[in-house]
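Below, each chain spelled out in residue letters.
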Amino acid sequence: MARARSRTRLSREDWIEAALQALAAGGPREVAVERLAARLGATKGSFYWHFADREELISEALATWEREATDALIEELREVADPVERLQAGMVAGTELEEEEHPDVRLLPSASDPVVGDVVRRVQRKRLDFLAEVFRDAGFPPAESRLRARLAYSLYLGWFMQRLVEGSERATPRERAAYQRRAIEILTARS
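Just so you know, these numbers come straight off a predicted model, no measurement behind them.

Peer 1: So what's going on with the nonpolar core? Which residues, and what values?
Peer 2: Counting 26 residues, the largest nonpolar core has W15, L23, V31, L36, L57, L62 and W65 as its most contacted members. Secondary-structure elements contributing two or more residues to this core are helix 1 (12-26), helix 2 (33-40), helix 4 (54-78) and helix 7 (114-137). At seven residues, helix 1 tops the list of elements feeding residues into this core. Not counting residues up to four positions away in its chain, the partners in contact with L57 are W15, I16, A19, V31, L36, F47 and F51. Grouped together as the second largest cluster of nonpolar side chains are 25 residues, L87, V134, A149 and I184 included.

Here it is in structure tokens:
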């Protein structure tokens, strides 16, 4: 949740973070300038100092999410030489966040929104392409690599969907590690 502030000067990043949290909580309709201003302890004037309109804020929030949660992570993972270790590092990075810190699954219901949907589809495509590349690097043929990429992404999204359904009941470190380990074993098994 965005941090409350007294009438101090907010940065563009503060507004973007608040918008991303609102998008994750309820989609584009939750990104209301007055509501965000109240949550941040700011005025609407602060918002208009940084953004021309609500659409610009939503676009910037989504671009930040794409850049930080996809592009930067993919670049970091590409530095891991062994493809199985790369896959494992990605699974760990993806499942270590707590559900409320992670907007991915919460943005999916907004995929029908023209702005959100374009970004969600692009992010999914980037992630699936990267995962298919990892499986090809591990020696799987192209068609099998694409299939395993979808399975890996489904395991990642499924983890968060299950966590959302379970609500406040947190996964223990042991449960999380067991899920990560077994997912990699299944995904990299050879017939």
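Let us keep going from here.
Peer 1: Please give an account of the packing of helix 4 against helix 5 (residues 83-96) that cites residues and values.
Peer 2: Look at helix 4 against helix 5: their axes get within 9 Å of each other, and the N-to-C directions meet at 145°. Once helix 4 is placed against helix 5, the crossing between them reads as right-handed. Two secondary-structure elements touch here, helix 4 through L73, L77 and R78 and helix 5 through R86, A89, G90 and A93. Residues of the contact of helix 4 with helix 5, tallied by class, amount to four nonpolar, one polar and two charged.

Peer 1: Please provide a residue-by-residue account of helix 9 (residues 173-188), values included.
Peer 2: In a regular helix each residue adds 1.5 Å, so 16 residues correspond to 22 Å; helix 9 covers 23 Å between its end C-alpha atoms and thus fits that length. Of all the positions in helix 9, only R176, Y179, Q180, A183, I184, L187 and T188 are classed as buried. Projected onto a plane normal to the axis of helix 9, the buried residues spread over an arc of 135° and lie on a single side. Tucked inside the fold, the buried residues of helix 9 contact helix 5, helix 7 and helix 8 (142-166).

Peer 1: With reference to specific residues and values, describe the packing of aromatic side chains.
Peer 2: Inspection of the entire model under this criterion finds seven aromatic pairs. Arranged with centres 6.0 Å apart and planes meeting at 70°, the rings of F135 and F140 form a pair that is edge-to-face. With relative accessibility at 1%, the residue F135 sits in the buried group. With a centroid separation of 5.6 Å and 80° between ring planes, the pair formed by Y156 and F160 is classed as edge-to-face. Remark: F160 and Y156 occur in helix 8; sequence separation between them is four residues, near one turn of the helix. When its relative accessible area of 10% is taken as the criterion, Y156 is described as buried. Relative accessible area serves as the criterion here: at 2%, F160 is assigned to the buried category.

Peer 1: Please give an account of the environment of G90 that cites residues and values.
Peer 2: Counting through the fold element by element, G90 comes out in helix 5. Classification of G90 as partly exposed rests on a relative accessible area of 21%.

Peer 1: With reference to specific residues and values, describe the environment of R54.
Peer 2: If you trace the backbone, R54 turns up in helix 4. Judged by its relative accessible area of 27%, R54 is partly exposed. Separated by 64 residues in sequence, R54 and D118 place their C-alpha atoms 17 Å apart. Beyond its immediate stretch of four places on either side in the chain, R54 contacts P28, R29, V31, V33 and F47. Of note is the side chain of R54, whose polar atom sits 2.5 Å from the backbone oxygen of V31.

Cut-offs and rules
- Residues numbered from 1 in each chain as written.
- Predicted model: local features only at pLDDT ≥ 70, side-chain atom pairs only at ≥ 80, totals over all residues.
- Heavy atoms only, no water.
- Core = buried A, V, L, I, M, F, W, Y, C linked by side-chain atoms within 4.5 Å.
- Buried < 20%, exposed > 50% of the residue type's maximum accessible area, 1.4 Å probe, protein only.
- Helix = DSSP H or I, 4+ residues; strand = E, 2+ residues; numbered from the N terminus.
- Contact = heavy atoms within 4.5 Å.
- Axes fitted to C-alpha atoms, helices over the stretch in contact; angles between N-to-C directions.
- Left-handed = near helix turned anticlockwise from the far one by under 90°.
- Nonpolar A, V, L, I, M, F, W, Y, C, P; charged D, E, K, R; others polar.
- Expected span 1.5 Å × (residues − 1).
- Arc of directions from axis to C-beta.
- Phe/Tyr/Trp six-rings, centres within 6.5 Å; stacked < 30°, edge-to-face > 60°.
- Polar contact = N/O pair within 3.5 Å; in protein donor to acceptor, adjacent residues only side chain to side chain.

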